[in-house]
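# Coordinate analysis (summary)
Chain by chain, the residues:
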Amino acid sequence: MEVHQVHHVRTTVDPDDHPSPPLPEIAFVGRSNVGKSSLLNVLCRNRRLARVSRTPGKTQTINYFEVGGTCYFVDLPGYGYAAVPDAVRAAWGPMIEGYLERSSRLAGVVALIDGRHDPTALDRKMVAWLAERGIPTLVALTKADRVPRGRRRPRIEATAEALGLDPEQIVWFSSRTGEGRDAVFSAVDSLLRQEVP
Ligand code: GTP
Ligand code: MG
């Protein structure tokens, strides 16, 4: 996987509207403001690729980024943020779910969870939903720069327990310091090396 040639190829609200050519896809999911767009930018070493904002609900569409002709990274809207108007939120559920459920090209998902807190009910629901469908998932605990080193291990263990995952499936990540960038990169790379079902 070559991240030096990543570019935005499509913005859509239609979960079945995939870009051409067909390539494996890696999607980034998590609640609004957890840091999905920021992680994508750090992963691709391009601060201006996906739009980031302090205000939750920034990403409102499905955004495809082509990664050096080998795959697409898919930036999705976040879930679970109350300040987003009901009508908008109601449209996102089917959009995210429709995409995750029907994308036959989906090679795996990076599920982002705020590392400062326990997973929310929606985080647990999302991870369980991905597991039920057999979608390979890596959990990234974001905003690691806000969590002292001494609390890292207990947070991983609590998260693994809450989500019913192996601690090996969980990595720390900070878009501020770049911590975890290489771990997420190599996990994504190995997801891409598996056969897409
Ligand atoms: P939506 O598009 O609204 O779903 O949000 P998102 O998940 O894409 O989050 P985004 O990347 O836009 O970041 C949300 C806010 O969190 C911004 O103010 C970022 O600067 C901040 N942020 C993102 N990652 C980190 C991090 O690792 N550490 C800290 N301290 N702040 C972060
Ligand atoms: Mg976003």
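Values in this document were obtained by computation on a predicted structure and should not be read as measured data.

Here the focus is helix H1 (residues 36-43). For H1, the buried fraction is high: eight of the eight residues fall into the buried class. Summarising the contacts, the buried residues of H1 are in contact with strand S2 (25-30), strand S3 (62-67), strand S4 (71-75), strand S5 (106-114), strand S6 (137-142) and helix H5 (181-193). Arg45 occupies a position one or two residues after H1 and carries a positive phi of about 55°.

So, on to the side chain of Asn63. Locating Asn63 in the fold gives a position in strand S3. Polar contacts involving the side chain of Asn63 include one to the main-chain carbonyl oxygen of Thr61, which spans 3.1 Å. Every residue in contact with Asn63, bar those within four places of it in the chain, is listed here: His8, Arg10, Thr11, Phe73, Val74 and Asp75.

What follows is about the site of ligand 1. The environment of ligand 1 is made up of 22 residues, and the closest members are Lys36, Ser38, Gly57, Thr59 and Asp145. Backbone polar atom of Gly35 to an oxygen atom of ligand 1: 2.9 Å apart, as the coordinates give it. Contacts to ligand 1 include Lys36, whose side-chain N or O atom sits 2.7 Å from an oxygen atom. Within the complex, the protein chains bury 93% of what would otherwise be the 650 Å² of accessible surface of ligand 1. Here the residues of the shell around ligand 1 are counted per class, giving three nonpolar, 11 polar and eight charged.

So, about the sheet that holds strand S1 (residues 6-12). Sheet architecture is open: seven strands sit in the order S1-S3-S4-S2-S5-S6-S7, paired in mixed fashion. With partners counted over all chains shown, the strands left at the sheet margins are S1 and strand S7 (170-172), one partner each. Neighbour to neighbour, the strand axes of the sheet diverge by 25° on average, direction disregarded. Lying on the sheet, helix H4 (residues 149-163) is in contact with S5, S6 and S7; it crosses S7 at an angle near 145°. Each of S2, S4, S5, S6 and S7 touches H5; the most contacted strand, S5, lies at about 155° to it.

In this section: the packing of aromatic side chains. Taken as a whole, this structure holds three aromatic pairs when the rule is applied. With a centroid separation of 6.0 Å and an interplanar angle of 85°, the aromatic rings of Tyr64 and Tyr72 are classed as edge-to-face. Comparing Tyr64 with Tyr72, the two get one shared label, buried. A centroid spacing of 6.5 Å and a plane angle of 70° characterise the contact between Tyr64 and Tyr99, whose relative ring orientation is edge-to-face. Note that Tyr64 is positioned in strand S3 and Tyr99 in helix H2 (residues 86-102), a separation of 35 residues in sequence. For Tyr99, a relative accessible area of 0% puts it in the buried group. Within the aromatic cluster, the residues linked to one another by ring pairs are Tyr64, Tyr72 and Tyr99. The ring of Trp172 has Arg152 lying over it, and the distance from NZ or CZ to the ring centre is 5.2 Å.

Here is what the cut-offs are and how they apply
Residues numbered from 1 in each chain as written. Chains lettered and ligands numbered in written order. Predicted model: local features only at pLDDT ≥ 70, side-chain atom pairs only at ≥ 80, totals over all residues. Heavy atoms only, no water. Buried < 20%, exposed > 50% of the residue type's maximum accessible area, 1.4 Å probe, protein only. Helix = DSSP H or I, 4+ residues; strand = E, 2+ residues; numbered from the N terminus. Contact = heavy atoms within 4.5 Å. Polar contact = N/O pair within 3.5 Å; in protein donor to acceptor, adjacent residues only side chain to side chain. Near = heavy atom within 4 Å. Areas by Shrake-Rupley, 256 points an atom, 1.4 Å probe, with all protein chains shown as cover. Nonpolar A, V, L, I, M, F, W, Y, C, P; charged D, E, K, R; others polar. Pairing = 2+ DSSP bridges. Axes fitted to C-alpha atoms, helices over the stretch in contact; angles between N-to-C directions. Phe/Tyr/Trp six-rings, centres within 6.5 Å; stacked < 30°, edge-to-face > 60°. Lys NZ or Arg CZ within 6 Å of the ring centre and 35° of its normal.

Function-wise, these values are silent; they only describe arrangement.
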